[in-house]
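Coordinate inspection notes
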Amino acid sequence: MNKYAVRFLGIGLFLAGAVIQVQLMLSEDEQAKGDIITPQAYEQAQLELQSVKKQLAQLQLDLENAQKEQAAPRVEDKTEPTEDSSNGSTNVVLHIQSGMTSSDISASLEQTGIIQNKQDFEDYLTAQDLSGKIQIGQYELNSTMSMKQIAETITK
């Protein structure tokens, strides 16, 4: 008798699940029928969608510009004459910002004429284990400085 009770219980649970599933399907059909959109509501939704798309496009442009601004190393040439200018040396103020890599800094220094070869400077920083010790800030540098002097200046 116990054996039959388990079978009847299983059949009962199966039937209960089937009934619940049928009720859910019927209620979904009724909800779908009630979701009729008027032409005015459709046009309003389309206008809102276009507005949101424009806002999203503007936010994406703003984000891209902000990322470019952060990623681009800023190096400013000093415009005021210095005593070293008569020797033909180049003087610059290097702005190191958060997120800049030693590669970014080396490229900036090469562009401004402070160093001759960016790869040599990167190799020097790596060999001296200084790549991770570069500090954020502004540094006055000139082309007469050695790689060691430049590295010491930007890692203090």
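So, about the overall build of the chain. A tally of regular secondary structure across the chain gives 5 helices and 3 strands. Every one of the 156 residues in the chain was classed for burial, and the buried ones make up 19%. Carbon and sulfur atoms form 54% of the exposed surface of the chain, whose accessible area is close to 12,000 Å².

Within the secondary structure, Val 93 sits in strand 2 (residues 91-96). Sequence separation between Val 93 and Gln 138 is 45 residues, and the spatial gap between their C-alpha atoms is 6.4 Å.

What follows covers the packing of helix 3 (residues 102-112) against helix 4 (residues 118-127). When two helices pack together, their arrangement is given by the angle between their axes and by how far apart the axes lie. Remark: helix 3 packs on helix 4, axes separated minimally by 8 Å, with the N-to-C direction vectors making an angle of 140°. Classified by the interaxial angle, the pair formed by helix 3 and helix 4 is oblique. Helix 3 and helix 4 meet at a crossing whose hand is right-handed. Judged by residue contacts, Ser 102, Ser 103, Ser 106, Ala 107, Leu 109 and Glu 110 of helix 3 engage Lys 118, Phe 121, Glu 122 and Leu 125 from helix 4. A breakdown of the residues in the contact of helix 3 with helix 4 according to their chemical character gives 4 nonpolar, 3 polar and 3 charged.

Attention now goes to helix 5 (residues 147-154). Every buried residue of helix 5 is accounted for by Ile 150, Ala 151 and Ile 154. Buried residues of helix 5 fall within an arc of 100° about the axis and therefore sit on the same side. Elements that come into contact with the buried residues of helix 5 comprise strand 2, helix 3, helix 4 and strand 3 (137-142).

Our focus in this paragraph is unusual backbone geometry. Even without being glycine, Asp 129 reaches a positive phi, approximately 60°. The residue Asp 129 is located in the loop between helix 4 and strand 3 in this model. Using a relative accessible area of 56% as the deciding quantity, one classes Asp 129 as exposed.

A word on the side chain of Thr 155. Along the polypeptide, Thr 155 turns up in the segment after helix 5. Here Ala 151 takes part through its backbone oxygen, which lies 2.6 Å from a polar atom of the side chain of Thr 155.

Analysis parameters
Residues numbered from 1 in each chain as written. Predicted model: local features only at pLDDT ≥ 70, side-chain atom pairs only at ≥ 80, totals over all residues. Heavy atoms only, no water. Helix = DSSP H or I, 4+ residues; strand = E, 2+ residues; numbered from the N terminus. Buried < 20%, exposed > 50% of the residue type's maximum accessible area, 1.4 Å probe, protein only. Areas by Shrake-Rupley, 256 points an atom, 1.4 Å probe, with all protein chains shown as cover. Axes fitted to C-alpha atoms, helices over the stretch in contact; angles between N-to-C directions. Parallel < 35°, antiparallel > 145°, perpendicular 65-115°, else oblique. Left-handed = near helix turned anticlockwise from the far one by under 90°. Contact = heavy atoms within 4.5 Å. Nonpolar A, V, L, I, M, F, W, Y, C, P; charged D, E, K, R; others polar. Arc of directions from axis to C-beta. Polar contact = N/O pair within 3.5 Å; in protein donor to acceptor, adjacent residues only side chain to side chain.

In short, geometric facts, not functional conclusions.
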